[in-house]
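Structure at a glance
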Amino acid sequence: MATTKSTIMSKNIIEINNICHTFADGYRGIKMVSLSIYKGEFIILAGKNGSGKTTLLRHLNGLLLPDSGHLIVNGHDVKKHLVQTRKTVGMVFQDADTQIIGDTVFDEVAFGLENLRVKRAQINEKVTQILEDLNLFHLKDKSPSILSGGEKRRLAIAGILVMDPEVIVFDEPFSNLDYPGTIQVLSTIIDLNRSGHTIIMATHDIEPVIYDATRIIIMDKGLIKEDGRPADIVKLLESYGVKEPCSSKFGLGIQPWQV
Ligand SMILES: Nc1ncnc2c1ncn2[C@@H]1O[C@H](COP(=O)(O)OP(=O)(O)O)[C@@H](O)[C@H]1O
Ligand SMILES: [Mg+2]
């Protein structure tokens, strides 16, 4: 029995227990949320604007702390282990590309490692690898300001990946991207999941990602209302103000967005 339990525990990368979050003005953004997230999952956090997605995501790496309840990341209480938590959970913010500060694409990705005083040779090796993986290497000496929307968003992802997070959280990763940009970012995220990263993505538009997701969680008014396999949740989306993908509406089930 003990072996079974420890095996289950080790697969559990994030454990959220009855958390609440009240903002300074008294508004309760999160109301008694509990959630277990397992290694390797690809989770869509859906819900209309203001349902509490960003507020919940910000708890996953300690940017916001709950006023009651507990968050455990990789076995550690987030409140007491902020540095450890942020090593495990990388966060790509909504419109993360507006926060780009490096003079070149290479410098932008190297920035986090330079702050940690990692040796130059190691920085060069690691940044090169990540730029190659994300198909950005040919742009390494360019100014981030000249990149396309999709390239900028992938650069923001590269800046997070260089820190080796096991879990990557995306807040509306397709916002303000055109069709090619969305395809680029989507395929990057799918590759990250296939290479073993746990993905948690908040979005109000689930059409591009539903085929690759393993689980959908729907939030409404700071509460988790639904949590299950995409095939079981897809017909419930519109009752929470989230558009049902066209293929599902037309009776074709869940289909890949790109053909
Ligand atoms: N700093 C804040 N102070 C007060 N209320 C906030 C604050 N941040 C967010 N909220 C409110 O909390 C609710 C949830 O917001 P948010 O988590 O951003 O929703 P979503 O990401 O699902 O659109 C909204 O009603 C929003 O106005
Ligand atoms: Mg949001």
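This text goes with the structure placed above it.
My aim in this report is to walk through the structure given alongside it, one point at a time. Since the model is a prediction, treat every value here as computed from it, not as a measurement.

**Description of the overall build of the chain**
Secondary structure assignment for the chain yields 9 helices and 10 strands. A compact globule built from 259 residues would reach a C-alpha radius of gyration of about 18 Å, and the chain, at 19 Å, matches this within 12%. For the C-alpha atoms alone, the extent of the chain along its principal axes is close to 50 × 45 × 45 Å. Buried positions account for 47% of the 259 residues belonging to the chain. Of the contacts made within the chain by residues no fewer than 6 positions apart, 64% connect residues no fewer than 24 positions apart. Here the chain has roughly 12,900 Å² of accessible surface; of this, 52% comes from carbon and sulfur atoms. Positive and negative side-chain charges of the chain, numbering 29 and 31 respectively, have mean locations separated by a distance of 5 Å.

**Focus on helix 5 (residues 120–133)**
In this model helix 5 runs 20 Å from its N-terminal to its C-terminal C-alpha over 14 residues, within 8% of the 20 Å that 1.5 Å per residue would give. Along helix 5, the residues that are buried comprise Ile123, Val127, Ile130 and Leu131. On an axial view of helix 5, the arc spanned by its buried residues comes to 100 degrees, and they lie on one face. Exposed and facing more than 90 degrees away from the buried side of helix 5 are Ala121, Glu125 and Asp133. Here the buried face of helix 5 lies against helix 4 (105–115) and helix 6 (149–161). Asn135 occupies a position one or two residues after helix 5 and carries a positive phi of about 55 degrees.

**Some thoughts on unusual backbone geometry**
One non-glycine residue, Met32, adopts positive backbone phi at about 50 degrees. Take Met32: it is sitting in strand 2 (residues 28–38). Its identity is not glycine, yet Lys221 carries a phi of approximately 50 degrees, on the positive side.

**Considering the pattern of salt bridges**
If you walk through the whole model with that rule in mind, you get 13 salt bridges. Between Asp232 and Arg229 there is a salt bridge, and its shortest N-O distance comes to 3.1 Å. Residue classification places Arg229 among the exposed positions, given a relative accessible area of 52%. In this structure, Glu238 engages Lys249 in a salt bridge whose closest nitrogen and oxygen atoms are separated by 3.2 Å. Here the residue Glu238 occupies a position in the loop between helix 8 (230–233) and helix 9 (246–249), and Lys249 occupies one in helix 9, the gap between them amounting to 11 residues. Its relative accessible area of 38% is what places Glu238 among the partly exposed residues. Several salt bridges converge on common partners, so that one network encompasses Glu41, Arg215 and Asp227.

**Section: the sheet that holds strand 6 (residues 89–92)**
With mixed pairing, the 6 strands of this open sheet are ordered in space as 6-7-8-3-9-10. Because the sheet does not close on itself, it has two edges, and the strands there are strand 6 and strand 10 (223–228). Between one strand and the next, the sheet's axes are offset by a mean angle of 20 degrees, whatever the strand orientation. Bridge count for strand 3 (residues 42–46) against strand 9 (residues 215–220) is 4 bridges, and the pairing is parallel. If you follow Ala46 over to strand 9, its bridge partner there is Ile218. Here helix 6 sits on the sheet and contacts strand 6 and strand 7 (167–171); the angle it forms with strand 6, its principal contact strand, is near 160 degrees. Lying over the sheet, helix 7 (residues 179–194) contacts strand 3, strand 7 and strand 8 (198–202), oriented at roughly 145 degrees with respect to strand 8.

**Brief notes about the site of ligand 1**
Contacts to ligand 1 come from Phe23, Asp25, Tyr27, Lys48, Asn49, Gly50, Ser51, Gly52, Lys53, Thr54 and Thr55. The separation between an oxygen atom of ligand 1 and a polar side-chain atom of Thr55 is 2.5 Å. Surface burial for ligand 1 is 62%, taken as the share of its 570 Å² of free accessible area covered by protein chains. A class-by-class count of the residues in the shell around ligand 1 yields 2 nonpolar, 6 polar and 3 charged.

**A few points about the environment of Leu147**
When you line up the elements, Leu147 lands in the loop between helix 5 and helix 6. Separated by 49 residues in sequence, Leu147 and Thr98 place their C-alpha atoms 12 Å apart.

**Looking at the environment of Leu131**
The topology assignment puts Leu131 in helix 5. On the basis of relative accessible area, Leu131 is assigned to the buried category, the value being 0%. Not counting chain neighbours up to four residues away, the residues in contact with Leu131 comprise Val105, Phe106, Val109, Leu136, Phe137 and Lys140.

Criteria and thresholds
Residues numbered from 1 in each chain as written. Chains lettered and ligands numbered in written order. Predicted model: local features only at pLDDT ≥ 70, side-chain atom pairs only at ≥ 80, totals over all residues. Heavy atoms only, no water. Helix = DSSP H or I, 4+ residues; strand = E, 2+ residues; numbered from the N terminus. Rg over C-alpha atoms; globule rule 2.2 N^0.38 Å. Buried < 20%, exposed > 50% of the residue type's maximum accessible area, 1.4 Å probe, protein only. Contact = heavy atoms within 4.5 Å. Areas by Shrake-Rupley, 256 points an atom, 1.4 Å probe, with all protein chains shown as cover. Lys, Arg positive; Asp, Glu negative; His and termini not counted. Charge placed at Lys NZ, Arg CZ, Asp CG, Glu CD. Expected span 1.5 Å × (residues − 1). Arc of directions from axis to C-beta. Salt bridge = Lys/Arg side-chain N within 4 Å of Asp/Glu carboxyl O. Pairing = 2+ DSSP bridges. Axes fitted to C-alpha atoms, helices over the stretch in contact; angles between N-to-C directions. Near = heavy atom within 4 Å. Polar contact = N/O pair within 3.5 Å; in protein donor to acceptor, adjacent residues only side chain to side chain. Nonpolar A, V, L, I, M, F, W, Y, C, P; charged D, E, K, R; others polar.

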